[in-house]
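Residue-level structural notes
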Amino acid sequence: RGRFGVASRDIKLGELLCVEKPPVFYLHEETSGVNCSNCFRESIAPLPSPTCTQTVFCSRVCQTEAMATYHVVESKFMDVLFQHGLKKKEWFLALRAVTLKPLSFFLENVDKYESHNPDHGLEKTSMDLYKTEDFSSLYNLVGHHEMWEWRDHAYKAFFALFFVRCLQKSNYFGAAQSKDFQLSDEELLVGSLMIHVMEVATMNSHEIGQMEAERGQNWLLGQTVPVGCALEPTLVLLNHACDPTMIRVNIGVSTAGFASRNIRKGEEITDCYSWPFDITKYEDRSPDLLKKYKFQCGCIACKEKWVTFHDLPRSFNDVPDDKINFSPEDLPHVQGKMMNVQKLGSKINQLQQKDDFDGAMSLYGEFNAAIQQLMAPPHQFYVIARRSYASCLWVKYGNKIRRDNN
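Nothing here was measured: the structure is a model prediction, and the numbers come from that model.

Let us now look at the sheet that holds strand β8 (residues 239-240). Read from one edge of the open sheet, 3 strands run β1-β11-β8, paired in mixed fashion. Because the sheet does not close on itself, it has two edges, and the strands there are β1 (5-6) and β8. With 2 bridges joining them, β1 and strand β11 (residues 268-271) adopt antiparallel strand pairing. Within β11, the residue paired with G5 across the bridge is I269.

Take a look at the structure:
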């Protein structure tokens, strides 16, 4: 089970659970030149990089931050990097983890990274306090090194060498840079660190997204698409569930987690690493989770093999007997409760159509409570509520952009 998060008190739908700014992030090539390379927000009046043509920034602040760390190094090989053909975009996080810091940092802390400690942070001393910004927190995340196949190890080594060659082009290693095909000890150290971070990124990286809609289109018709990826050492400690209790929303490169429903004290806070149950069938998502993340999911959606959205019950008449939440004595009141659910759903939809997302969000708690009085999940009503509430959160807080009609 590993490390996990539990509610220390009762939590209401929509409450902010956590916010984390990742220490390592990388903008996808497809959005470079449109989104800010440093904060991932839309660059309305793009400020070009002073050292390369592939990157823009949204402000002088972002440009200054980038130029003080990773960008000076990366800009010298950006043209080569964008021709790589690497499909595992999260592996760029390994390169960024290095370019964010000078070579001296890794040489001075080499003893810390000679062994991998997946229990890092469990010790209750001030010296071992778990911090997002601490490179050790990132380094000691689970990578499942022993479970990778040899061909994957070879592939990682190939790209680590490619990244080392890129760093050589920017003179990252200085006097320690090798003069021939034989890598120096310093280059081997950095290369091995990047291989390890590739493994960590494969198991732990999150997509950074933005909501996109055409101009004049209601935001509810928009789509959330990935624009980059990040490593968030604290958020990734949460376990997976195919019907998670948390909704992730990206604000710049940061991630805010909101309660997707009411959560009882002592209940686990869960994230969704892949596709939720309502999108992907159990027969497809279970082997995918096992292959990529090396675990067999045991959430209720998997135990009961909940079906995808279109096969879920869609009306009150479709609810199975074991999911009904009222007794025969309640029958005289059931019709009124059903009408209340329909009335609240209609009101929420009307408010969203008017772009009154705050008004709509204020009703979701009452809507969920009304559903729970009648039935337990899974049901299309629950899924629609979660999806719709997530869209409201993205509109109110998240990254979003209007696209021109094509």
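Working note: α-helix, 3.6 residues per turn, so residues spaced by three or four point in the same direction. Within helix α4 (residues 92-99), 8 of the 8 residues are buried, which leaves the element mostly enclosed by the surrounding structure. Buried within α4 are the following residues: F92, L93, A94, L95, R96, A97, V98 and T99.

Our next topic: the sheet that holds strand β7 (residues 223-231). Reading across from one edge, β3-β7-β6-β12 is the order of the 4 strands in this open sheet, with mixed pairing throughout. Because the sheet does not close on itself, it has two edges, and the strands there are β3 (24-27) and β12 (400-403). Direction aside, neighbouring strands of the sheet carry axes that sit 35° apart on average. Pairing geometry for β3 and β7, over 4 bridges, is antiparallel. Of the residues in β7, the one forming a bridge with F25 is A230. Sheet contacts for α4: β3 and β7; angle to β3, the most-contacted strand, approximately 120°.

Time to look at the packing of aromatic side chains. Geometrically, a pair of aromatic rings is defined through the distance of the ring centres and the angle of the planes. Taken as a whole and assessed by the stated rule, the structure comprises 23 aromatic pairs. When the centroid spacing of 6.3 Å and the interplanar angle of 55° are considered together, the rings of F159 and F163 count as tilted. Here F163 and F159 lie together in helix α7 (residues 150-169), a separation of 4 residues that amounts to about one turn. F159 gets classed as buried once you look at its relative accessible area, which sits at 5%. Measuring from centroid to centroid gives 6.0 Å for Y273 and F295, while their planes differ by 85°, and the two rings are edge-to-face. Placement of Y273 in the loop between β11 and α9 (282-293) and of F295 in the loop between α9 and α10 (300-303) is noted, with a sequence separation of 22 residues between them. Taking relative accessible area as the criterion, F295 reaches 25% and is therefore assigned partly exposed. One aromatic cluster is present, built from ring pairs that chain together Y26, W91, F92, Y155, F158, F159, F162 and F163.

Below, the discussion takes up the pairing of β7. Sheet analysis places strand β6 (residues 206-214) next to β7, joined by 7 bridges and oriented antiparallel. Considered in β7, the bridge of H206 is made with A230.

Turning our attention to the packing of α4 against helix α8 (residues 185-204). It is the contact of α4 with α8, at a shortest axis distance of 8 Å, that shows an interaxial angle of 130°. For the element pair α4 / α8, the angle class is oblique. In this structure, the crossing between α4 and α8 has a hand that is right-handed. Within the contact between the two elements, α4 uses L93, A94, L95, A97 and V98 and α8 uses V190, M194, V197, M198 and A201. Each residue belonging to the contact of α4 with α8 can be placed in one class, and the counts come to 10 nonpolar, no polar and no charged.

This part covers the side chain of E212. By secondary structure assignment, the location of E212 is in strand β6. With near-sequence residues (within four places) excluded, E212 lies in contact with W219, G222, Q223, V225, I401 and R403.

What follows deals with helix α1 (residues 60-67). Of the positions making up α1, those classed as buried are C62, Q63 and A66. The buried residues of α1 all sit within an arc of 100° when viewed along its axis, so they share a single face. Exposed side of α1, more than 90 degrees from the buried face: R60 and V61 are the residues found there. Looking at the buried positions of α1, the neighbouring elements they touch are β4 (47-48), β5 (56-57) and α2 (70-74).

The next point concerns the environment of P378. Of note, P378 is situated in the loop between α12 (357-372) and α13 (380-397). By relative accessible area, P378 is classed as buried at 13%. The sequence separation of P378 and E186 amounts to 192 residues, and the corresponding C-alpha distance is 54 Å.

Tallied over the full model, the rule gives 15 salt bridges. For the salt bridge of E149 with R151, the shortest nitrogen-to-oxygen distance reads 3.8 Å. By relative accessible area, which is 52% here, R151 ends up exposed. Ionic contacts of the salt-bridge type, sharing partners, join the residues D243, D278, R386 and R387 into one network.

Once that is clear, we can look at the packing of helix α11 (residues 331-353) against α12. At their nearest, the axes of α11 and α12 sit 9 Å apart, and the two run at 165° to each other. By the angle between their axes, α11 is roughly antiparallel relative to α12. Both α11 and α12 take part in a crossing whose hand is left-handed. In contact with N340, V341, L344, G345, K347, I348, L351 and Q352 of α11, α12 contributes F357, G359, A360, L363, Y364, E366, F367, A370 and I371. Here the contact of α11 with α12 is composed, by residue class, of 11 nonpolar, 4 polar and 2 charged.

The rules behind each value
- Residues numbered from 1 in each chain as written.
- Predicted model: local features only at pLDDT ≥ 70, side-chain atom pairs only at ≥ 80, totals over all residues.
- Heavy atoms only, no water.
- Pairing = 2+ DSSP bridges.
- Helix = DSSP H or I, 4+ residues; strand = E, 2+ residues; numbered from the N terminus.
- Buried < 20%, exposed > 50% of the residue type's maximum accessible area, 1.4 Å probe, protein only.
- Axes fitted to C-alpha atoms, helices over the stretch in contact; angles between N-to-C directions.
- Contact = heavy atoms within 4.5 Å.
- Phe/Tyr/Trp six-rings, centres within 6.5 Å; stacked < 30°, edge-to-face > 60°.
- Parallel < 35°, antiparallel > 145°, perpendicular 65-115°, else oblique.
- Left-handed = near helix turned anticlockwise from the far one by under 90°.
- Nonpolar A, V, L, I, M, F, W, Y, C, P; charged D, E, K, R; others polar.
- Arc of directions from axis to C-beta.
- Salt bridge = Lys/Arg side-chain N within 4 Å of Asp/Glu carboxyl O.

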